[in-house]
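Observations on the three-dimensional arrangement
One-letter residues, chain by chain:
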Amino acid sequence: MRKVRDYDAELKALGDKARTLKAKKVQQLGELVTSTGADALDADVLAGALLHIVAEAQVAGNREAWRSDGAAFFQRRGRKVGKADAGNGQGASEAGASGSQG
């Protein structure tokens, strides 16, 4: 006989997982804004800059250039963390990998 599936429990678990992932994404965005120094900008200025970037993202070469700049940022950031955390067993590759997941 087949096992009866509890669809309500599965939906609740998926909803909880989605909320957790969204919260993590928001936290990582906040950390990115802070680590780049963009938190020093007014909210209006930051929103306007993001709107311009979204419009400029339609130009073919821009996205790839921005992607490589972003990867370089996370690699530099990972090395700094790796040097500071050398005593606790974390390496630069671990810090860089966790910083570039999102």
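So, a few notes on the structure that sits alongside this text. (Residues numbered from 1 in each chain as written. Predicted model: local features only at pLDDT ≥ 70, side-chain atom pairs only at ≥ 80, totals over all residues. Heavy atoms only, no water.)

Here's the deal with the pattern of salt bridges
- For the structure on display, the rule yields 4 salt bridges.
- Taking the shortest distance from any N to any O, the salt bridge between D16 and K12 comes out at 3.2 Å. One end of the pair, D16, and the other, K12, are both in helix α1 (residues 7-36), 4 residues apart, so they sit about a helical turn from each other.
- Judged by relative accessible area, D16 falls into the partly exposed class, the value being 30%.
- Under the relative-accessibility criterion, K12 is labelled exposed at 55%.
- R19 is the partner of D16 in a salt bridge, and the nearest nitrogen-oxygen pair spans 2.4 Å. Here D16 pairs with R19, and both are found in helix α1, just 3 residues apart, close to one helical turn. (Salt bridge = Lys/Arg side-chain N within 4 Å of Asp/Glu carboxyl O. Helix = DSSP H or I, 4+ residues; strand = E, 2+ residues; numbered from the N terminus. Buried < 20%, exposed > 50% of the residue type's maximum accessible area, 1.4 Å probe, protein only.)

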